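# Summary of structural features
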Amino acid sequence: MNNKIQLNAIDIELTDELKAYIDKKLVSLEKLIDFEDPEVTGDIRLIRELGGQKKGKIFRVEMSFMTVGKKFGVSADGNSLFEAIDEAKDLILRKISGYKDKKQSLIKKGGARIKIFLKRFSR
């Protein structure tokens, strides 16, 4: 696991198997987040919600990543810890890729407007 990503477990034993599973899931984020950048940090919290409930969605995973100027955060619940990790990974991937797609489309729109502006004055 990357040193800049903090992993916290609340009411859960953090095993080597669990760490390896999280590392495996974070590999898919590497194409969207440059973990080598010193500005990038992350926080993953694994929580077992203790209450009167013994069945159902008792596991919660909260992920947050801070890149240059932007923070992405999600939380997911699941019947098992692995299910919650998978769901949180999917949500954070969707959130980051949506932001990058939006940023790209704004750049394209800006370029198209500049092109129209220059065409008007070149006549």
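Summary of the structure given here. (Residues numbered from 1 in each chain as written. Predicted model: local features only at pLDDT ≥ 70, side-chain atom pairs only at ≥ 80, totals over all residues. Heavy atoms only, no water.)

## Comments concerning helix α1 (residues 16-26)
Stated formally: Relative accessible area decides the class of each residue, using a 1.4 Å probe on protein chains only: under 20% of the type maximum gives buried, over 50% gives exposed, and in between gives partly exposed. Starting at the N terminus, helices and strands are each numbered in turn, a helix being any DSSP run of H or I of at least four residues and a strand any DSSP run of E of at least two. It is the directions from the helix axis to the C-beta atoms whose arc is reported.
The complete set of buried residues in α1 reads Leu-18, Tyr-21, Ile-22, Lys-25 and Leu-26. Buried positions in α1, seen along its axis, are confined to an arc of 135° and lie on one side of it. More than 90 degrees from the buried face of α1, the exposed residues found are Asp-16, Glu-17 and Lys-24.

## Structural notes on the pairing of strand β3 (residues 59-67)
Short version of the rule: Two strands qualify as a pair provided that DSSP identifies no fewer than 2 bridges between them.
Note that strand β2 (residues 41-48) and β3 share eight bridges and pair antiparallel. Each residue of the ladder has a partner; that of Ile-44, found in β3, is Met-63. In this sheet, strand β4 (residues 70-78) lies alongside β3 in antiparallel orientation, the contact comprising nine bridges. Along β4, the bridge assignment pairs Met-66 with Lys-71. Hairpin connection from β3 to β4: two residues lie between these consecutive antiparallel strands, with Gly-69 at a positive phi of about 80°.

## Quick look at the nonpolar core
Defined as follows: We call a set of buried residues a nonpolar core when its members are Ala, Val, Leu, Ile, Met, Phe, Trp, Tyr or Cys and they connect through side-chain atoms within 4.5 Å of each other. By definition, residues are in contact when any of their heavy atoms lie within 4.5 Å.
Ranked by internal contacts, the top residues of the largest apolar core, which has 29 residues, are Ile-44, Leu-46, Val-61 and Phe-65. Elements with a contribution of two residues or more to this core: β1 (5-10), α1, β2, β3, β4 and α2 (81-121). When residues in this core are grouped by element, the largest group, seven residues, is from α2. Filtering out sequence-adjacent residues up to four positions away, Phe-65 remains in contact with Ile-5, Leu-26, Leu-29, Ile-33, Phe-35, Thr-41, Gly-42, Lys-70, Lys-71, Phe-72 and Ile-92.

## A few points about the packing of aromatic side chains
As a reminder of what qualifies: The pairing test for Phe, Tyr and Trp rings, Trp by its six-membered ring, is centres within 6.5 Å, and the orientation test on the planes gives stacked under 30 degrees, edge-to-face over 60, and tilted for anything in between.
The final tally for this structure, using the stated rule, is one aromatic pair. A centroid spacing of 4.7 Å and a plane angle of 80° characterise the contact between Tyr-21 and Phe-82, whose relative ring orientation is edge-to-face. Here Tyr-21, found in helix α1, pairs with Phe-82, found in helix α2; they are 61 residues apart in sequence, far enough to count as distant. For Phe-82, a relative accessible area of 32% gives the class partly exposed.

## Concerning the side chain of Ser-64
With respect to the secondary-structure elements, Ser-64 resides in strand β3. Judged by its relative accessible area of 14%, Ser-64 falls in the buried class. Beyond its immediate stretch of four places on either side in the chain, Ser-64 contacts Thr-41, Gly-42, Asp-43, Arg-45, Lys-71, Phe-72 and Gly-73.

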